[in-house]
Number of protein chains: 2
Amino acid sequence: MSTIGKALSLLDLISELDKDIGLSDLARLSALDKATARRFLVDLERHGFVEQDEETRRYRLGAAPVRLARLRQARFPFVAVAAPFVKALAEEAGETVHLSEFSGGRLSTIHVEDSAQAHRVIVDPGAVLPFHATASGLAYLAFLPPGEIDRALARPLERFSAHTATDADAVRTLLRETVERGYSISQQGFEIGVISAAAPILTPGGRPMGALAVAAPTARADMARMHEIGRKAAAAARGIAEKYYGGRT
Amino acid sequence: MSTIGKALSLLDLISELDKDIGLSDLARLSALDKATARRFLVDLERHGFVEQDEETRRYRLGAAPVRLARLRQARFPFVAVAAPFVKALAEEAGETVHLSEFSGGRLSTIHVEDSAQAHRVIVDPGAVLPFHATASGLAYLAFLPPGEIDRALARPLERFSAHTATDADAVRTLLRETVERGYSISQQGFEIGVISAAAPILTPGGRPMGALAVAAPTARADMARMHEIGRKAAAAARGIAEKYYGGRT
DNA sequence: CCTTGTGGTTCATTATTTGAACCGTTATTT
DNA sequence: AAATAACGGTTCAAATAATGAACCACAAGG
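Residues numbered from 1 in each chain as written. Chains lettered and ligands numbered in written order. Predicted model: local features only at pLDDT ≥ 70, side-chain atom pairs only at ≥ 80, totals over all residues. Heavy atoms only, no water.

Engineer: Looking at this model, I keep getting lost on the UniProt feature "domain: HTH iclR-type" (unreviewed entry) in chain A. Mind explaining?
Structural biologist: In the numbering used here, UniProt assigns the feature "domain: HTH iclR-type" (unreviewed entry) to residues 1–63 of chain A. As a span, residues 1–63 of chain A carries 56% helix and 10% strand, and end to end its C-alpha atoms are 26 Å apart. (UniProt positions renumbered as here; feature names shortened; annotations may be inferred. Helix = DSSP H or I, 4+ residues; strand = E, 2+ residues; numbered from the N terminus.)

Below, the structure is given as structure tokens:
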């Protein structure tokens, strides 16, 4: 792997941690030499992607991404455009709704609107959504060109719960259903007690670039209701794409 | 320079552009070989920091920073904490207010609240603020340890307008005044027609980590009013620091 | 006071990055 | 319509930067 790739993977690793981490620990976790990890960290810090706590000497994610994110969103206001749709869907469905975007080979949550109900599903913003185990991932995967689906399903599929579909053929069946309906449903594939329905957000070229998902506790989620919610999610996803891409060419 | 440093500088360069850019242009601008630039871009794209337009083949800032920014802000909600203070100050002063944060060797705007007035100053979110030529920069610089001020003023100071203080001693005078008052004032040092007052946001250790600035059109900005606004900005900056650092230890 | 851990550094060895020259394609220019 | 210039992208020997074992100095614990 290139040096740059290694450094960016180190940054990814740091981003996944929810607390500061020391040099030795980080070297172990990243399987990099301590000296190498340090050089990477110095470079990353110089550019603001990482910062070191003055007193504990531990490292954490820096502030530079905030600036870059502003610039990105000024030009591609995906979250800003989608937010009203997300909110409306959350109110309509009465459940937590989250928006995800594909980037860097992963689908990750970039916006969440919590359900108003006391008993609701909690979604972490920034969390990575596995393609085969979440409604969002299935919705995204289903509308990808066949070759890319094959590549995604080629490696072993991690098990996240007792209900995770870890067999490629089983996933393919889910994908076929998803394409037919226009939305996916994942029954506790990622987390026990949660059922989700999701629809892809498609570029004008027909390629998925993200997903819109509704997550409900199993207690409230009979299948008729989930299909109803799925249809609403698909409509909202189309609305987002239309508004987002309508303004540009 | 390290390979990583070069790649991150390339990313910075791309972030400064407000439109997509082709490989050859980018190689020229960054003074990198075309093949090298391409390898960097591939690595950056693989991690989502850069994306390539499918049809034009031009490159632009990717979506990965949005995800990292979410994670950073979940742990350090600087913007979220400061936003109400920024808004209140904008209403109180009746002028555009912007918040900046130091990161990666630069002070950059991360939040803006526009004045309600029709004739108002426009500030770009994500813009980099030169230390010697903006009120924010002066406010930040003034409270830095002497050694770091020396280092910042050692290199030649760029001229942005006819009023920019490009002489290190002239800047030092401005910094002394800033420390005494607790806020800085920049009279058209960055942009003709704009006068700003800014106050530093200090960590519990007394080190500046950002600045809060009010920008007014010269037409409305007599000095008595700017001093009044400066005092208000200083109070708001203290409020932000207290709330932001009060919650942690 | 000895052990084990930490963050950080050194420098000969090694592996990666580099860039001139090269494709094939696509806009311009003549 | 031919010629030219510019584009994005690729190749591979030469040059350079990354690597990591061994090394500090220090702190905490036994």
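Engineer: What is the right way to read the pattern of salt bridges from this model?
Structural biologist: Side chains bearing opposite charge may pair, as long as their charged atoms lie close to each other. By the definition in use, this model includes 38 salt bridges over all chains. Asp12(A) is the salt-bridge partner of Arg106(A), the closest N and O atoms lying 3.2 Å from each other. Placement of the pair is Arg106(A) in strand β4 (residues 106–113) and Asp12(A) in helix α1 (residues 3–16), with a sequence separation of 94 residues. Considered together, Arg106(A) and Asp12(A) belong to a single accessibility category, that of buried residues. Between Glu101(B) and Arg72(B) there is a salt bridge, and its shortest N-O distance comes to 3.8 Å. Remark: Arg72(B) occurs in helix α4 (residues 64–75) and Glu101(B) occurs in strand β3 (residues 96–103); sequence separation between them is 29 residues. What makes Glu101(B) buried here is its relative accessible area of 6%. Residue class for Arg72(B) comes out buried when judged on its relative accessible area of 6%. Several salt bridges converge on common partners, so that one network encompasses Asp20(A), Glu51(A), Asp53(A), Arg60(A), Arg72(B), Arg75(B) and Glu101(B). (Salt bridge = Lys/Arg side-chain N within 4 Å of Asp/Glu carboxyl O. Buried < 20%, exposed > 50% of the residue type's maximum accessible area, 1.4 Å probe, protein only.)

Engineer: How should the protein's contact with DNA strand C be read in this particular structure?
Structural biologist: Residues in close proximity to DNA strand C total 19 residues, the closest being Thr3(A), Ser24(A), Lys34(A), Arg38(A) and Asp33(B). For DNA strand C, the fraction of protein-proximal atoms (within 4 Å) that sit in sugar or phosphate groups is 67%. Within the backbone of Thr3(A), a nitrogen or oxygen atom sits 2.6 Å from a phosphate oxygen of DNA strand C. Here a phosphate oxygen of DNA strand C sits 2.5 Å away from a polar atom, N or O, in the side chain of Ser24(A). When residues of the surface near DNA strand C are traced back to their parent elements, those giving at least two are α2 (23–30) and α3 (34–46) of chain A together with α1 (3–16) and α3 (34–46) of chain B. With four residues, α3(B) is the single largest residue contributor to the surface near DNA strand C. For the surface near DNA strand C, a count of residues per class yields five nonpolar, seven polar and seven charged. (Near = heavy atom within 4 Å. Polar contact = N/O pair within 3.5 Å; in protein donor to acceptor, adjacent residues only side chain to side chain. Nonpolar A, V, L, I, M, F, W, Y, C, P; charged D, E, K, R; others polar.)

Engineer: What exactly am I supposed to notice about the relation of the copies chain B and chain A here?
Structural biologist: Mapping one chain copy onto the other needs a rotation about an axis and a shift along that axis. Of the transformation superimposing chain B on chain A, the axial component is 0.0 Å and the angular component is 180°, with the fit at an RMSD of 0.1 Å. One copy is carried onto the other by what is essentially a two-fold rotation axis. Across chain B, the smallest distance between a C-alpha and the rotation axis is recorded for Pro65(B), namely 2.4 Å. Taken together, the interface assignments show that 100% of the residues at the interface of chain B recur at the interface of chain A, consistent with an identical surface on both copies. (Least-squares fit on C-alpha atoms with pLDDT ≥ 70 in both. Contact = heavy atoms within 4.5 Å.)

Engineer: For this particular structure, what's the right way to read the UniProt feature "domain: IclR-ED" (unreviewed entry) in chain A?
Structural biologist: Here the UniProt feature "domain: IclR-ED" (unreviewed entry) sits at residues 64–246 of chain A. End C-alpha atoms of residues 64–246 of chain A are separated by 30 Å, and the span's content is 45% helix alongside 22% strand.

Engineer: What's the story with the packing of aromatic side chains in this structure? I'm lost.
Structural biologist: How two aromatic rings sit relative to each other is set out by the distance from centre to centre and by the angle between their planes. Residue and element names in this part refer to chain A. One pass over the structure, following the stated rule, counts 13 aromatic pairs over all chains. Measuring from centroid to centroid gives 5.3 Å for Phe 78 and Tyr 244, while their planes differ by 50°, and the two rings are tilted. Of this pair, Phe 78 sits in helix α5 (residues 78–93) while Tyr 244 sits in helix α9 (residues 223–246), and the two are 166 residues apart along the sequence. Across the pair, Tyr 244 and Phe 78 agree in class, each one buried. With 5.1 Å between their ring centres and 65° between their planes, Phe 160 and Phe 190 make a pair best called edge-to-face. Placement of Phe 160 in the loop between α7 (146–154) and α8 (168–181) and of Phe 190 in the loop between β6 (184–187) and β7 (194–202) is noted, with a sequence separation of 30 residues between them. Phe 160 sits in the partly exposed class, given a relative accessible area of 31%. Residue classification places Phe 190 among the partly exposed positions, given a relative accessible area of 33%. Each member of the aromatic cluster is reached from another via a ring pair, and the members are Phe 78, Tyr 244 and Tyr 245. (Phe/Tyr/Trp six-rings, centres within 6.5 Å; stacked < 30°, edge-to-face > 60°.)

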